[in-house]
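Chain by chain, the residues:
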Amino acid sequence: MQDDTDLWRAPPPSQYAWGGQSLTVSAGTLALTAAALRSAGRREAGCLWLGPMDEAGNARAVAVIMPKQLNRDRNYAVAAGAMLEVAKVGRPRGGPLSVPSTPIQARSSSTRASTTR
């Protein structure tokens, strides 16, 4: 799919209800996330936060990883093989927690992880 502008999705059946969990992200992890997303220029891109999650569902992002991806104006694509690379890097760091995404230049990036405290 080159452009998802014409896709229509029905509204959700009910409003979002917060479950009480929290995600803690350090200023350093946010800065690394912003730098990773900016590296794609004005095309859409995505990365994942990695870190531990407790039994109640509260999590702490300790690393950011940007999988190999194809970046476009309105979407980005990550191949299955690239997600396997993410799993290899991410599992020792606690696994993926969230997927920050923003419009950011067409390129194929390499999988890379950065860690902050």
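Coordinates for the structure precede this section.
My aim in this report is to walk through the structure given alongside it, one point at a time. (Residues numbered from 1 in each chain as written. Predicted model: local features only at pLDDT ≥ 70, side-chain atom pairs only at ≥ 80, totals over all residues. Heavy atoms only, no water.)

### Section: the overall build of the protein
The condition is simple: Working definition: helices are DSSP H or I runs of at least four residues, strands are E runs of at least two. Numbering for both runs from the N terminus. Burial classes follow relative accessibility: with a 1.4 Å probe on protein chains only, a residue under 20% of its type's maximum area counts as buried, one over 50% as exposed, and anything between as partly exposed. Per-residue and other accessible areas were derived by the Shrake-Rupley procedure at a 1.4 Å probe size, with only the shown protein chains allowed to occlude residues.
Along its length, the protein carries two helices and ten strands. The N-to-C order of helical and strand elements in the protein reads β-α-β-β-β-β-β-β-α-β-β-β. Burial status across the protein gives 29% buried among its 117 residues. Carbon and sulfur atoms make up 55% of the accessible area of the protein, which totals about 7600 Å².

### Considerations on the nonpolar core
What counts is decided by this rule: The definition of a nonpolar core used throughout is a set of buried Ala, Val, Leu, Ile, Met, Phe, Trp, Tyr and Cys residues joined through side-chain atoms within 4.5 Å.
Ranked by size, the top nonpolar core spans nine residues in total: A36, L37, A40, A45, C47, W49, A61, V64 and M66. Within the second largest apolar cluster, five residues are counted, among which are L48, A63, I65 and V86.

### Remarks on the pairing of strand β5 (residues 63-66)
Inclusion rule: Strands are labelled as partners when DSSP assigns at least two bridges between them.
Neither face of β5 is left uncovered, since the one carrying A63 and I65 and the one carrying V64 and M66 both have all their residues buried. The pairing of strand β3 (residues 48-50) with β5 spans three bridges and is classified as antiparallel. Along β5, the bridge assignment pairs W49 with V64.

### Some details on helix α1 (residues 27-38)
Quick reminder of the rule: Here the expected span of a helix is defined as 1.5 Å times the quantity of residues minus one. Picture the helix axis, draw a direction to every C-beta atom, and the arc is the one those directions span.
Here α1 spans 16 Å end to end across twelve residues, near enough to the 16 Å set by a 1.5 Å rise per residue. Along α1, the residues that are buried comprise T29, T33, A36 and L37. Burial along α1 is one-sided: seen end-on, the buried residues are contained in an arc of 95°. Relative to its buried face, α1 has exposed residues pointing more than 90 degrees away, namely A27 and R38.

### Considering the pattern of salt bridges
Basically, it comes down to this: Each reported salt bridge corresponds to a side-chain nitrogen of Lys or Arg within 4 Å of a carboxyl oxygen of Asp or Glu.
Scanning the model with the defined rule gives two salt bridges in all. The residue R43 makes a salt bridge to D73 at a minimum N-O spacing of 2.7 Å. With R43 in the loop between α1 and β2 (44-46) and D73 in the loop between β6 (70-71) and β7 (76-77), this residue pair connects regions lying 30 residues apart in the sequence. A relative accessible area of 28% means that R43 is categorised as partly exposed. The salt bridge partner of K68 is E85, with a shortest N-O separation of 3.1 Å. Of this pair, K68 sits in the loop between β5 and β6 while E85 sits in helix α2 (residues 80-90), and the two are 17 residues apart along the sequence. Residue classification places K68 among the partly exposed positions, given a relative accessible area of 38%.

Geometry only, nothing functional implied.
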